[in-house]
Amino acid sequence: YGNFIDDLRLYVRGGTGGMGYARLGGEGGRGGDVWFVAQERTTLKSMKDRYPQKRFIAGTGANSSVKALKGEKGKDIEVHVPLGISVLCDDGKQIGELNAAGERLLAARGGLGGSLATNFMPCKGQRRIVRLDLKLIADVGLVGFPNAGKSSLLSKISHAKPEIANYAFTTIQPQLGKIMYADYKQISVADLPGLIEGAHANKGMGHKFLKHVERTKQLLLVVDISGFQLSVKTQFRTAFETILLLTKELELYKEELLTKPALLAINKMDLPCAKDNLNELMKQLQNPQDFLHVLQEEMIPANTLKFKDVIPVSTYTGEGIEELKAGIRKFIYEEAEQENEEYKKKKLLLLQTSE
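What counts, and at which threshold
- Residue positions are given per chain, counted from 1 along the sequence in the order it is written.
- Reporting of local features is limited, given that this is a predicted model, to residues whose pLDDT is at least 70; pairs of side-chain atoms are given and counted only at 80 or more, and all residues count toward the totals for whole chains, interfaces and linings.
- Heavy atoms from the whole structure form the basis of all side-chain values; hydrogens and water molecules are not counted.
- UniProt positions are given in the numbering used here, feature names are shortened, and annotations may be inferred rather than shown by experiment.
- Secondary structure follows DSSP: runs of H or I at least 4 residues long count as helices, runs of E at least 2 residues long count as strands, and numbering of each begins at the N terminus.
- Relative accessibility decides the category of a residue: with a 1.4 Å probe and only protein chains considered, values under 20% of the type maximum give buried, values over 50% give exposed, and everything between is partly exposed.
- Contact criterion: two residues are considered in contact whenever any of their non-hydrogen atoms come within 4.5 Å of each other.
- Each accessible area value is a Shrake-Rupley result obtained with a 1.4 Å probe; residue values ignore everything except the protein chains displayed when judging cover.
- When two rings of Phe, Tyr or Trp (its six-membered ring) have centres within 6.5 Å they constitute a pair, described as stacked for plane angles under 30 degrees, edge-to-face for angles over 60, and tilted for the intermediate range.
- Pairs of N or O atoms are called polar contacts if they sit within 3.5 Å, as long as, within protein, a hydrogen donor faces a hydrogen acceptor (for residues adjacent in sequence, only side-chain-to-side-chain pairs).
- Here a salt bridge means any side-chain nitrogen of Lys or Arg lying within 4 Å of a carboxyl oxygen belonging to Asp or Glu.
- Think of a patch as exposed residues, more than 30% relative accessible area, with no salt bridge, where like charges cluster within 9 Å and nonpolar side chains (Val, Leu, Ile, Met, Phe, Trp, Tyr) cluster within 5 Å.
- Residues scored as charged are limited to Lys and Arg (positive) and Asp and Glu (negative), so that His and the chain ends carry no count.
- Where a charge lies is defined by one atom per residue type, namely NZ (Lys), CZ (Arg), CG (Asp) and CD (Glu).
- If DSSP finds at least two bridges between two strands, the strands pair.
- The convention used is that axes are lines fitted to C-alpha atoms, helices contributing only their stretch in contact, and that angles between N-to-C directions extend from 0 to 180 degrees.
- Put simply, angles under 35 degrees are roughly parallel, angles over 145 are roughly antiparallel, angles from 65 to 115 are roughly perpendicular, and the rest are oblique.
- Here the nonpolar group is Ala, Val, Leu, Ile, Met, Phe, Trp, Tyr, Cys and Pro; Asp, Glu, Lys and Arg are the charged ones; every other residue, Gly included, is treated as polar.

The name recorded for the protein in an unreviewed UniProt entry is GTP-binding protein 10, from Sagittarius serpentarius. Under the heading Subcellular location (unreviewed entry), UniProt records this for the protein: "Nucleus, Nucleolus". Reading the Sequence similarities (unreviewed entry) entry of the UniProt record for the protein gives the comment "Belongs to the TRAFAC class OBG-HflX-like GTPase superfamily. OBG GTPase family."

Trainee: Any chance you could explain the overall build of the protein here in plain terms?
Mentor: What the protein contains, in helices and strands, is 6 helices and 14 strands. Across the 355 residues in the protein, those meeting the buried criterion constitute 46%. Of the contacts formed within the protein by residues at least 6 apart in sequence, a portion of 73% connects residues at least 24 apart. Element-wise, carbon and sulfur atoms account for 51% of the exposed surface of the protein, whose accessible area totals about 19000 Å².

Trainee: Any chance you could explain the side chain of lysine 150 here in plain terms?
Mentor: Within the secondary structure, lysine 150 is located in helix α2 (residues 150–157). Residue class for lysine 150 comes out buried when judged on its relative accessible area of 6%.

Trainee: Sorry if this is basic, but what is going on with the packing of aromatic side chains here?
Mentor: Two aromatic rings, taken as a pair, are described by how far apart their centres are and by the angle between their planes. One pass over the full model with this rule turns up 2 aromatic pairs. Taking the centre distance of 4.9 Å and the plane angle of 75° together, the rings of tyrosine 51 and phenylalanine 56 count as edge-to-face. Taking the relative accessible area as the measure of exposure, tyrosine 51 reaches 23% and is therefore partly exposed. Residue phenylalanine 56 is classed as buried on the basis of its relative accessible area, which comes to 5%. Between phenylalanine 240 and phenylalanine 291, the aromatic rings sit 6.2 Å apart at their centres with planes inclined by 75°, giving edge-to-face as the arrangement. Of this pair, phenylalanine 240 sits in helix α4 (residues 239–253) while phenylalanine 291 is found in the loop between α5 (274–286) and β14 (307–312), placing the two residues 51 residues apart along the sequence.

Trainee: Explanation requested: the side chain of aspartate 33 in the structure shown.
Mentor: Mapped onto the elements, aspartate 33 comes out in the loop between β1 (7–13) and β2 (34–38). Engagement of the side chain of aspartate 33 in a polar contact is seen with the backbone nitrogen of glycine 110, the distance being 2.7 Å. Setting aside residues up to four positions removed in sequence, aspartate 33 forms contacts with Ala58, Lys73, Asp76, Ile77, Leu106, Ala108, Arg109 and Gly110.

Trainee: How do you make sense of the pattern of salt bridges when you look at a structure like this?
Mentor: In a structure, side chains of opposite charge can pair up when their charged atoms sit close to one another. In this structure the tally under the stated criterion is 15 salt bridges. Note that arginine 104 and glutamate 78 form a salt bridge whose closest N and O atoms lie 2.6 Å from each other. You can see arginine 104 sitting in strand β7 (residues 104–108) and its partner glutamate 78 sitting in strand β4 (residues 77–81), a full 26 residues away along the chain. The class of arginine 104 is partly exposed, set by a relative accessible area of 42%. Linked through salt bridges whose partners overlap, the residues forming this network are Arg30, Asp33, Lys73 and Asp76.

Trainee: Could you clarify how one ought to interpret a negative patch on the surface in this entry?
Mentor: Together, Glu337, Glu339, Glu341 and Glu342 give the surface a local cluster of negative charge. If you trace the backbone, glutamate 337 turns up in helix α6 (residues 321–354).

Trainee: Can you walk me through the sheet that holds strand β13 (residues 262–267) in this structure?
Mentor: Two pairing modes exist for strands in a sheet, parallel and antiparallel, and in both the strands are linked by backbone hydrogen bonds. A sheet is described by the order of its strands in space; here 6 strands give the open sequence β10-β11-β9-β12-β13-β14, paired in mixed fashion. Strands with a single pairing partner mark the edges of an open sheet, and in this sheet they are β10 (175–180) and β14. Averaged over neighbouring strand pairs, the angle between their axes works out to 25° when direction is ignored. As paired elements, β13 and β14 share 5 bridges and run parallel to each other. Across the sheet, residue isoleucine 266 finds its bridge partner in β14, namely proline 312. Those strands touched by α2 are β9 (140–143), β10, β11 (186–191), β12 (218–224) and β13, and its axis lies near 165° from that of β11.

Trainee: What is the right way to read the sheet that holds β1 from this model?
Mentor: What the 5 strands build is an open sheet, ordered β3-β1-β8-β5-β6; its pairing is mixed. Bordering the open sheet on either side are β3 (55–57) and β6 (94–98), each of which pairs with just one other strand. Taken over all neighbouring pairs, the strand axes of this sheet differ in orientation by 25° on average, direction set aside. Where strand β5 (residues 85–89) meets β6, 4 bridges bridge the pair, whose relative direction is antiparallel.

Trainee: I keep staring at the packing of α2 against α6 and nothing clicks. Help me out?
Mentor: Angle between the axes and distance between the axes: these two values describe a pair of packed helices. Interhelical geometry of α2 versus α6 gives an angle of 80° and a closest axis separation of 10 Å. Judged on the interaxial angle alone, α6 and α2 are roughly perpendicular. Here Leu153, Lys156 and Ile157 of α2 lie close against α6, whose contacting residues are Ile321, Leu324, Lys325 and Ile328. Residues of the contact of α2 with α6, tallied by class, amount to 5 nonpolar, no polar and 2 charged.

Take a look at the structure:
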């Protein structure tokens, strides 16, 4: 994964409370809290570099005294974290998520100060080891086997400059790009490390790849029209088989991924025989049930993906690129409109029931 970090373990501890003043019934100050605050332009790598110890301990509450019977609260600590973070306990249980700039999450609570209830003895703050798990937030996630041309496609449709080569697994870390439209609208696209067969079982970069797909609003499957073969030892897959296998990997990891709106980009249309292969593929996609016998039973997905559109493209000649950009925008906006309508209906229903 190179220098890209998508999870980080930290130790957090709330401050200890202050001592109570037994003779005068004084109350010690509460210990400080540790807060995670989402901030743009922060990465897990920058956090790791800035805090090599990865320990965050809040301030101790002030003791109660004759001059101040109620002690002051200990100093809080605010830790800036990237957007799109899930905060998990060490046992994997989720504490919360931070998705928008300025969102806050209490990571460790400070201990109570000494008072009559605690026999004037202070309490220790909450302590735990937490894991920050990053899932990229993008409008569109590019999904495909290695060498399908995802990086080339990203460089064509956006301003990103990913590394491109003619061998499998050029992309070993996620790349984010933005499609810029003539009216200054922007849509973010994530090119994620190539899937392989068995990714759901964490083969290759399985889970590191698949967890990033969860946060994208729309899937863009990129398939090589001439088929795909990872190595000499693995079986050759046609474009149709590739689509089924990608669907199966998504389904086995998390079935909800198949409910996301999906577009299909058929890449490398500049190759010889591409037109014939495309005609055959379109027939297979219209009636997938008639062609499922080509795969072994355990590789056939329970549900096939319903594509909003199928767009033939060539990153070499530029064919279909503008059409693809327009398609991505159209379906993103359609989805947003639909969500808006559903939100309005819910609000209206709430108002009617409250009346």
